[in-house]
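Survey of secondary and tertiary structure
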Amino acid sequence: MEYLEQIKFSADFIQSKIMESPKYGIILGTGLGGLVDEVDVELEIDYEEIPHFPVSTVEFHKGKLIFGKLGDKSVVVMKGRFHFYEGYTMKEVTFPVRVMKLLGIEKLFISNAAGALNSDYGKSDLMILDDHINLQTENPLVGKNLDELGDRFPDMSQPYDFSLIDRGLKISKSFDTKVHRGVYVGVNGPNLETRAEYKFLRIIGADAVGMSTVPENIVARQMGVPVFAVSVLTDVCYGEIEKVSIEDILKAAAKAEPDMTKLIKELIIQDL
Ligand code: HPA
C-alpha cells in the first residue's frame with residue numbers, strides 16, 4: 001500500500017474508535033511522560049494495534065496513543081515517540097504526525113530532552129524553541145510529494161508559532177524553572193557529541209542540541225499545523241564537558257518536568 005493510503009487507513013481505523021476529533025496533538029519526549037497524568041483519559045490505543053503504525057522498540061516504553069481531555073480541550077498524546085537513531089526511516093518517524101493531522105489536530109506540541117550549548121543556560125532549565133537547524137541526514141519530505149497534504153517546498157519562515165511562544169513565555173514567568181527562547185539543532189545521534197562537535201554547533205548558532213523534534217516539525221509545518229516545542233536541558237555542553245549517562249539525563253529531565261508539563265497544559269487549556 002502506498003504511504004498516503006497507509007496514513008489514511010491508520011487514521012480511519014482510529015477514527016472508528018474515538019468519540020471526538022482531537023484538536024491538539026502532543027508528542028512527549030524521553031522521560032517526559034508526566035503530562036499524561038493530567039489528561040482525563042477516554043481511550044488508549046497501543047501502537048501495535050494500529051494498522052501501519054511503526055511499533056516502538058522495547059528500549060523505553062510500550063508506545064500508545066492516548067485520547068482525552070485537558071480542561072475542555074480534546075487532545076491526542078503520543079506516549080513514546082520514534083527516533084531516527086532507533087533505525088526508523090524518517091517516513092516512519094513522522095507517520096504519526098500525518099495521522100494526527102488527518103484526525104483533526106490544529107496545533108502540535110512537542111517536548112524533548114536536549115543538551116545546553118548556550119552558556120547562559122543551565123541544567124534542568126527549559127528552552128522554548130524559536131527556530132531550528134536541521135543536521136539530520138534524512139529528510140521526511142524526500143520522495144514523491146503528498147500534494148494532498150502539503151507543498152513540495154514548504155515555507156519554514158516560522159517553524160515554531162510566534163504567538164504560542166509569546167504566550168508560553170508569559171505563562172512561564174511564574175515558574176521557578178528558568179525558561180529560555182532559543183535555537184535547537186537536530187542531529188542523528190545516538191552518540192552524544194564530541195567537544196569539537198559541541199563547539200561547531202555553538203558556532204553555527206544553536207543553543208541546544210537533541211536527536212528529535214525536527215522531522216516532526218517539518219512534516220507538521222508542511223501540513224500547515226502550528227508547532228510549539230520545548231526542550232528540557234538535561235546536560236551542559238560547554239566549558240569542562242562532563243561525562244553524561246542516560247541516567248543523568250533522565251534525572252535532569254525529571255527535575256524540570258513538572259514546569260514543562262504545566263507549560264504545555266496551560267497553553268492548551270487557555271488556547272482559544
Ligand atoms: N546531545 C544530543 N542530544 C542530547 C543531548 C546532547 O548533549 N542531551 C540530551 N539529548
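Description of the structure in this document. (Residues numbered from 1 in each chain as written. Predicted model: local features only at pLDDT ≥ 70, side-chain atom pairs only at ≥ 80, totals over all residues. Heavy atoms only, no water.)

Okay, empty space enclosed by the protein next. Taken as a whole and assessed by the stated rule, the structure comprises one cavity of 30 Å³ or more. As a volume, the largest cavity reaches approximately 50 Å³. Along its surface, the largest cavity is lined by Tyr3, Lys91, Arg98, Pro140, Leu141, Lys144, Asn145 and Leu146. Tallied by class, residues from the lining of the largest cavity come to four nonpolar, one polar and three charged. (1 Å grid on protein atoms, 1.4 Å probe; cavity = no way out; pocket = protein on both sides within 12 Å on 5 of 7 lines; lining within 4 Å. Points joined across faces, edges and corners; volume = space filled by probe spheres on them. Nonpolar A, V, L, I, M, F, W, Y, C, P; charged D, E, K, R; others polar.)

Time to look at the environment of Lys173. Structurally, the position occupied by Lys173 is in the loop between helix H3 (162–171) and strand S7 (179–186). Since its relative accessible area comes to 71%, Lys173 is described here as exposed. The spacing of Lys173 and Gln158 is 15 residues in sequence and 23 Å in space, taken between C-alpha atoms. (Helix = DSSP H or I, 4+ residues; strand = E, 2+ residues; numbered from the N terminus. Buried < 20%, exposed > 50% of the residue type's maximum accessible area, 1.4 Å probe, protein only.)

Let's shift gears to the environment of Thr234. For Thr234, the position within the fold is in strand S9 (residues 227–236). Separated by 15 residues in the primary sequence, Thr234 and Ile249 have C-alpha atoms spaced 5.1 Å apart. If we skip the residues at most four places from it in the chain, Thr234 touches Ala113, Ala114, Lys123, Asp248, Ile249, Ala252 and Ala253. (Contact = heavy atoms within 4.5 Å.)

Omega for the peptide link from Gly189 to Pro190 comes to 0°, which places this bond in the cis form. Residue placement: Pro190 occurs in the loop between S7 and helix H4 (195–203). One non-glycine residue with positive phi stands out, namely His52, at about 70°. Here Ser124, not a glycine, exhibits a phi torsion of approximately 70°, which is positive. Structurally, the position occupied by Ser124 is in the loop between strand S5 (107–116) and strand S6 (126–134). The exposure class of Ser124 is buried, given its relative accessible area of 9%.

Moving on, we come to the side chain of His180. If you trace the backbone, His180 turns up in strand S7. With relative accessibility at 13%, the residue His180 sits in the buried group.

Across the nine residues of helix H5 (residues 214–222), nine count as buried, placing the element largely inside the fold. Taken as a whole, H5 has its buried residues at Val214, Pro215, Glu216, Asn217, Ile218, Val219, Ala220, Arg221 and Gln222. On its buried face, H5 sits against strand S1 (24–28), helix H2 (90–103), S5, S6, S7 and S9.

What follows concerns the site of the ligand. In the vicinity of the ligand, the contacting residues are Ala113, Ala114, Gly115, Leu192, Glu193, Tyr198, Val209, Gly210, Met211, Thr234, Asp235 and Cys237. The separation between a nitrogen atom of the ligand and a polar main-chain atom of Gly115 is 3.3 Å. Residue Asp235 places a side-chain N or O atom 2.7 Å away from a nitrogen atom belonging to the ligand. Relative to its free-state accessible area of 260 Å², the ligand is covered by the protein chains to the extent of 95%. Taking a 2 Å distance to the grid points as the criterion, the majority of the atoms of the ligand fall inside the largest pocket. Of all the secondary structure elements, the ones that give two or more residues to the shell around the ligand are S5, strand S8 (208–210) and S9. Of the residues in the shell around the ligand, the class split is seven nonpolar, three polar and two charged. (Near = heavy atom within 4 Å. Polar contact = N/O pair within 3.5 Å; in protein donor to acceptor, adjacent residues only side chain to side chain. Areas by Shrake-Rupley, 256 points an atom, 1.4 Å probe, with all protein chains shown as cover. Sits in = over half its atoms within 2 Å of the grid points.)

So far we have only geometry, and geometry alone does not tell us how the molecule works.
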